[in-house]
Every structure is written in C-alpha cells, then in structure tokens.
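# Structural features, examined
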Amino acid sequence: MSDRDPREKQPSAAEAARRSGRRAVMPPVSHASTILATSLSDFEAMRSARRGDDLTYGVHGTEGSYAFEEAIAELEGGWRTRLCSTGLTAVTAPILCYLSAGDHLLMPDTVYEPMRGFCDGMLKRLGVTTTYYDPRAGSGVRELIRPTTRMVYLESPGSLTFEVQDVRAIAAVAADRDCWTAMDNTWASPLYFKPLEHGVDISIQAVTKYLNGHADLVMGAVTTTKEAYPTLQQGWATLGLNAAPDDAYLAHRGMQTLKLRMERHWRNGLALAEWLSQRPEVAMVAHPALPDDPGHALWRRDFTGAGGLFAFTLRETFSNRAQIEALFDGLERFGLGFSWGGPESLLIPIDPSRVRTATRWPRAGAATGQMLRIHVGLDDLDLLTDDLRLGFARMSRAA
Ligand SMILES: *Cc1c(COP(=O)(O)O)cnc(C)c1O
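What comes next concerns the included structure. All of these numbers come straight from a predicted model, not from anything done at the bench. (Residues numbered from 1 in each chain as written. Predicted model: local features only at pLDDT ≥ 70, side-chain atom pairs only at ≥ 80, totals over all residues. Heavy atoms only, no water.)

The next thing to look at is unusual backbone geometry. The omega torsion of the bond from Ser156 to Pro157 falls at -5 degrees, within 30 degrees of zero and hence cis. One can find Pro157 in the loop between strand 4 (149-155) and helix 6 (167-176). Residue Pro362 is reached from Trp361 by a cis peptide bond, and omega for that bond is 0 degrees. Summarising the element assignment, Pro362 is placed in the loop between strand 10 (346-350) and strand 11 (371-375). Here Asp178, not a glycine, exhibits a phi torsion of approximately 60 degrees, which is positive. Within the element layout of this structure, Asp178 appears in the loop between helix 6 and strand 5 (180-184). Residue Asp178 is classed as exposed on the basis of its relative accessible area, which comes to 61%. (Helix = DSSP H or I, 4+ residues; strand = E, 2+ residues; numbered from the N terminus. Buried < 20%, exposed > 50% of the residue type's maximum accessible area, 1.4 Å probe, protein only.)

Mapped onto the fold, Arg168 is located in helix 6. The exposure class of Arg168 is partly exposed, given its relative accessible area of 44%. Residues Arg168 and Leu126, 42 residues apart in the sequence, show an inter-C-alpha distance of 30 Å. Excluding residues that lie within four positions of it along the chain, Arg168 makes contacts with Glu197, His198 and Arg301. (Contact = heavy atoms within 4.5 Å.)

A few words now on the site of the ligand. Contacts to the ligand come from Thr86, Gly87, Leu88, Tyr112, Glu155, Asp184, Ala206, Thr208, Lys209 and Trp340. Here an oxygen atom of the ligand sits 2.5 Å away from a polar atom, N or O, in the side chain of Thr208. The separation between an oxygen atom of the ligand and a polar side-chain atom of Trp340 is 3.2 Å. About the coverage of the ligand: the protein hides 87% of its 380 Å² of free accessible area. In this structure the site holding the ligand corresponds to the largest pocket. (Near = heavy atom within 4 Å. Polar contact = N/O pair within 3.5 Å; in protein donor to acceptor, adjacent residues only side chain to side chain. Areas by Shrake-Rupley, 256 points an atom, 1.4 Å probe, with all protein chains shown as cover. 1 Å grid on protein atoms, 1.4 Å probe; cavity = no way out; pocket = protein on both sides within 12 Å on 5 of 7 lines; lining within 4 Å. Sits in = over half its atoms within 2 Å of the grid points.)

Looking now at the pattern of salt bridges. Scanning the entire structure with this criterion turns up 19 salt bridges. One salt bridge in this structure joins Glu113 and Arg354, with 3.5 Å as the shortest N-O distance. Here Arg354 lies in the loop between strand 10 and strand 11 and Glu113 lies in the loop between strand 2 (104-108) and helix 5 (114-125), a separation of 241 residues in the sequence. Of the charged contacts, one joins Glu263 and Arg267 as a salt bridge, the two residues approaching to 3.4 Å between their closest N and O atoms. Of this pair, Glu263 and Arg267 both sit in helix 10 (residues 258-277), 4 residues apart, roughly one helical turn. (Salt bridge = Lys/Arg side-chain N within 4 Å of Asp/Glu carboxyl O.)

When you tally the buried positions in strand 7 (residues 220-224), you get 5 out of 5 residues, the bulk of the element. Alternating residues of strand 7 divide into Gly220, Val222 and Thr224 and Ala221 and Thr223, and every residue in both groups is buried. Looking at chain direction, strand 1 (residues 80-84) and strand 7 are connected through 5 bridges and run antiparallel. In the strand pairing of strand 7, Arg80 is matched with Thr224. Sheet analysis places strand 6 (residues 202-206) next to strand 7, joined by 5 bridges and oriented antiparallel. Bridge pairing in strand 7 places Ile204 opposite Val222. (Pairing = 2+ DSSP bridges.)

What follows deals with the nonpolar core. One finds Leu276 and Phe312 to be the most contacted residues of the largest nonpolar core, which totals 76 residues. The element best represented in this core is helix 10, accounting for 8 residues. Discounting chain neighbours no more than four positions away, the residues touching Leu276 are Val282, Val285, Phe310, Phe312, Ile374, Leu388 and Phe392. Of all hydrophobic cores here, the second largest spans 29 residues; its members include Ile95, Val111, Val128 and Leu232. (Core = buried A, V, L, I, M, F, W, Y, C linked by side-chain atoms within 4.5 Å.)

Next comes the structure, spelled out in structure tokens:
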C-alpha cells in the first residue's frame, strides 16, 4: 500500500516556480506550434493580436526568441527586431517587404555577393530594378535616385574590399527623397556601429557571425525604427519568417560575451593588419582602422571599434598557383572555409574583380596580385603571425 493518500494532490513545483516571480539568468527555451489560450476571450485576443507582438503561434515566435529579439533591439537602439533563419534571409526579405513591382533599388557595388543573385534574378522577375552604385559615392547617390527609387541599401564596410560608406550623408539624401534605407551592419556588429543612430531605417545582422559568435548556427536579425516597423512586421507574418527556439537560445547565449569577443577580434585583427602591412610579400592591406586606409577618416568618425575581418593583396611576384597552394596547404592555425565571426581564424582567396559592375577593382594604379580575406578569430596573435610567417616562407620557396 502506498503511503500517499490518493486524494491528496502532490505539491506542484512548476506552479510554485511560476508564482514565485524568480527567474534564471537566461530566459526559458520554449518549443511550440500551438499556444493554449486561457479562455475563449483570451483566444479571441490571440486571434486579433498583431502577429509577432504577442504569444499566439510558434510560427511568429515564442518566449525565448522574443527575449533574444528584445536584447538585439536594445543594443541596436531600435524599436523592434525580428529574427529569421539565415543571414541571407535577413538581407533579402526586407526588400520583399518594402518594395513593389515598378520600384527601383540602389545597391552598393560591394554588397554581399549572394545579394546580386537575388536582385538580378528574383527581384528583376518581380519587376523591381536595381542599380549598383559606388560605395564611396556619399551624398552623390542623389544623382542616381529616380522618381521610382524606394530604397537605398548600404553595407559598410563593403564585402571583400572594405570601403567605408558615408552612412549619414547617404541616409540624409535618401530621407529627403522619401526612400527607405537598409544597412547590412554585420562587420561591426551593433556594438561598434548603430545604423539607426545615423539615420538608417532598417539595420540587418547576419547573427551567424558575431552575435552568435561560435560558428555553430546560421540566423539573421532585422531591426527597425518605429516608423519602419509595421511594414516589416506585416512582411514577416506574411512570409512566416522565424528562427528555431534552440538556435535563438544559443545565439542569445553567445551574445552575452559579444563585448569580450569583439574586443579581441578588433585588437588582434588590427595588430595582424599592421604586421601584414610591414611584410615584403604584401602589396596592400584593406582594413579601415589602419591610418592610411582610404576609409579611415569615416571609420574613425562613425565606428567605436572594428571587426576582425579584412583583406590584403599579395605582390604579383607571389601570386602564381604553386605559391598560393604552398601558402594554404600547410596552414595550421588558419582554416579555409566560408563564413566568419566564430573563434576560428580563417584565410581564403578572393577575387573582387569578378563581382564588381559599377566600379573597377583593382582601382586604377592598385596592386593586381592575389587577394586574400582574413578573419582573425580568438587565437593568440603570435600563433597567427607564426603560421603566416611559415606560410610566406613556403610561398617564397615555391617561386
Ligand atoms: C555572412 C553574411 C551574410 C549572410 O549570412 P548567412 O547567415 O551566411 O546567410 C550577409 N551579409 C554579410 C555581410 C555576411 O558576411
């Protein structure tokens, strides 16, 4: 015979936890499709709630993903943030939300490459035309704005070649002509640059990179001003965009150390850029925090730190296939792979000339050797310089 009286209800620890008001440091992860209403009138309230603004259905978010969105919105200084499953969705979907057939879009020539496929393929098919502009145009983008232009897109520094944009000047011109501005701010993270404070309406993060910071998931986030939010909210609800609860939790956890990690990426990245610019094998280093970089003045005016991603060009005499292979195929610290923003340091060959249509790369008079993109992870700086020093020695022997 059991010693518990079957009519006596066991104490509910779950209920006690709910009532206590106490909480764990991190918000709970809730997995849900269905969310249960407390009454018929509560169900009716769920049905009429603005989707994504309340707990109604797993498609639009759950407690944990909402908590992560709030943390990002706070760091960005924005009204609301919405998550989606990849950084690529975060750069493409806002354009579907804000633009219509017949509209015109301005894109920097240095935009994250997959965006070109979206603009020149799907958007073109839907009747939206794109003009690529020189990222250094500043208020000169005024000349490219047509009566049908509805959005000026920015990415600063630009992918692969790291041109810094005059965000304030471009945003002012766009606002004057009633155009939305959206900016891919992945490089600096919202810690070192806050687009909305510079007049931008829509700030985009590939959470995949620094916000998560551990190279173990893909995700995107879009943050807007109060004025821009209703259109984004409606688009997100219409397309059913969302991020998975476990990934949102991991990225939220990763973001707790953003400040510590960014400091390391910035300091070691800049130190390595300085080291590279002293090397005889290197013709040019593109890093906005270097004093002689063409974007340095704008970087110093607007940014409070730097990402660990930059590029450099080898001298022409070190750029044949055998030399490049000798460099890469003996590296011990640097990995060779897509993406960036995690603890891993990465080195890959790049060819910006292949993807530019509005500007020339290399610029007139600039070095024409092999270009490489580097991500300085969380490794010790001397291990990275040792790895490159040995790599450069192999490269020279292969000459
Ligand atoms: C990686 C990246 C993206 C896309 O993010 P994914 O999560 O890889 O889809 C967008 N913009 C920039 C600048 C990026 O580096």
